[in-house]
Amino acid sequence: MSSQHTGFYYCTAHNQLGQDNSTPAHLDVLYSPRNTRAVIISSGETVEGDLVTLSCSSDANPPVLTYTWFKQRAATVTLLSTDQNYTITNISSQHSGLYYCSAQSRLGQHNSTPTRLDVLYPSRLPSVSEHVSDSSLTLACVSDTNPASSYL
């Protein structure tokens with residue numbers, strides 16, 4: 001049995017003298033959260049200072065009781081919020097990373113696939129590094145930036 005079987009059912013009895021229908025019976029198929037999705041809602045590319053909302057959705061019957069947002073960092077996971085939507089105001093480069101949500105109902109829970117938030121930001125103060133070998137000198141310009149900088 002699947003959620004597609006939810007609905008009203010009745011039967012009909014008939015003979016040579018007529019027919020009659022039963023009172024409809026409602027079948028309600030219950031299932032734990034599934035198809036949980038995490039989406040980033042923004043107006044195009046995400047740039048430092050923007051407002052970004054992450055939204056979680058899931059299919060469940062009975063409905064989801066709690067949505068929880070997490071950020072993955074290497075071997076650690078940080079709990080961020082227990083709302084269906086997680087909003088970041090005045091976003092910065094530190095917000096870049098993988099985010100996922102969890103949908104919990106009384107029948108179980110299901111996690112979304114992680115989604116990547118990529119925050120763009122201008123060049124930070126560039127620096128010059130030197131490398132001397134034998135009779136040559138190499139100078140390199142380095143700066144923290146996203147997207148990558150071109151150097152002149």
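Nothing here was measured: the structure is a model prediction, and the numbers come from that model.

Right, let's talk about the overall build of the protein for a bit. Broken down by element type, the protein carries 0 helices and 16 strands. The C-alpha radius of gyration of the protein comes to 27 Å, more than 25% above the 15 Å expected for a compact globule of 152 residues. In terms of overall dimensions, the protein has a C-alpha envelope of 110 × 30 × 25 Å along the principal axes. Taken across its 152 residues, the protein has 30% of its residues classed as buried. Of the contacts made within the protein by residues no fewer than 6 positions apart, 52% connect residues no fewer than 24 positions apart.

Our focus in this paragraph is the confidence of the model for the protein. Residues of the protein with pLDDT of at least 70 account for 95%, and the chain-wide mean is 88. Ranking the helices and strands of the protein by mean pLDDT puts strand β12 (residues 108–111) first, with 98, and strand β16 (residues 136–142) last, with 78.

The strands that make up a sheet pair up through hydrogen bonds in the backbone, lying either parallel or antiparallel. Taken in spatial order, the 3 strands make up an open sheet running β5-β7-β10, and their pairing is antiparallel. One side of each edge strand has no neighbouring strand; the edge strands of this open sheet are β5 (31–41) and β10 (85–88). Along the sheet, successive strands turn relative to each other by an average axial angle of 10°, direction set aside. Direction of pairing for strand β7 (residues 52–61) relative to β10: antiparallel, over a ladder of 4 bridges. Residue V52 lies in a different strand from β10, and its bridge partner there is I88.

Checked against the element boundaries, V52 lands in strand β7. C-alpha of V52 to C-alpha of I41: the two residues are 11 residues apart in sequence and 6.2 Å apart in space.

The next subject is the packing of aromatic side chains. This model, assessed by the stated rule, comprises 1 aromatic pair. Between F70 and Y100, the aromatic rings sit 5.1 Å apart at their centres with planes inclined by 20°, giving stacked as the arrangement. Here F70, found in strand β8 (residues 66–73), pairs with Y100, found in strand β11 (residues 97–105); they are 30 residues apart in sequence, far enough to count as distant. When its relative accessible area of 13% is taken as the criterion, Y100 is described as buried. Directly above the aromatic system of Y31 lies the positively charged group of R34, at a separation of 3.9 Å from the ring centroid.

On to a nonpolar patch on the surface, then. Residues V128, V132, L137 and L139 make up a contiguous nonpolar surface patch of about 420 Å² in total accessible area. Looking at the nonpolar patch, the elements with two or more residues in it are β15 (127–133) and β16. Considering the arrangement of structural elements, one finds L139 in strand β16. Look at L139 and you get exposed, because its relative accessible area is 56%.

A few words now on the state of the cysteines. Each disulfide is one covalent bond, formed between the sulfur atoms of two cysteines. Applying the stated criterion across every chain yields a total of 1 disulfide. At a sulfur-sulfur separation of 2.0 Å, the disulfide partner of C56 is C101. As the torsion about the S-S bond is roughly 75°, the C56-C101 disulfide counts as right-handed. In this pair, C56 is assigned in strand β7 and C101 in strand β11, connecting sequence segments 45 residues apart. Here C56 and C101 have matching classes, each one buried.

Procedures and definitions
Residues numbered from 1 in each chain as written. Predicted model: local features only at pLDDT ≥ 70, side-chain atom pairs only at ≥ 80, totals over all residues. Heavy atoms only, no water. Helix = DSSP H or I, 4+ residues; strand = E, 2+ residues; numbered from the N terminus. Rg over C-alpha atoms; globule rule 2.2 N^0.38 Å. Buried < 20%, exposed > 50% of the residue type's maximum accessible area, 1.4 Å probe, protein only. Contact = heavy atoms within 4.5 Å. pLDDT = per-residue confidence, 0-100. Pairing = 2+ DSSP bridges. Axes fitted to C-alpha atoms, helices over the stretch in contact; angles between N-to-C directions. Phe/Tyr/Trp six-rings, centres within 6.5 Å; stacked < 30°, edge-to-face > 60°. Lys NZ or Arg CZ within 6 Å of the ring centre and 35° of its normal. Patch = residues over 30% accessible without salt bridge, like charges linked within 9 Å, V, L, I, M, F, W, Y side chains within 5 Å. Areas by Shrake-Rupley, 256 points an atom, 1.4 Å probe, with all protein chains shown as cover. Salt bridge = Lys/Arg side-chain N within 4 Å of Asp/Glu carboxyl O. Disulfide = S-S within 2.5 Å.

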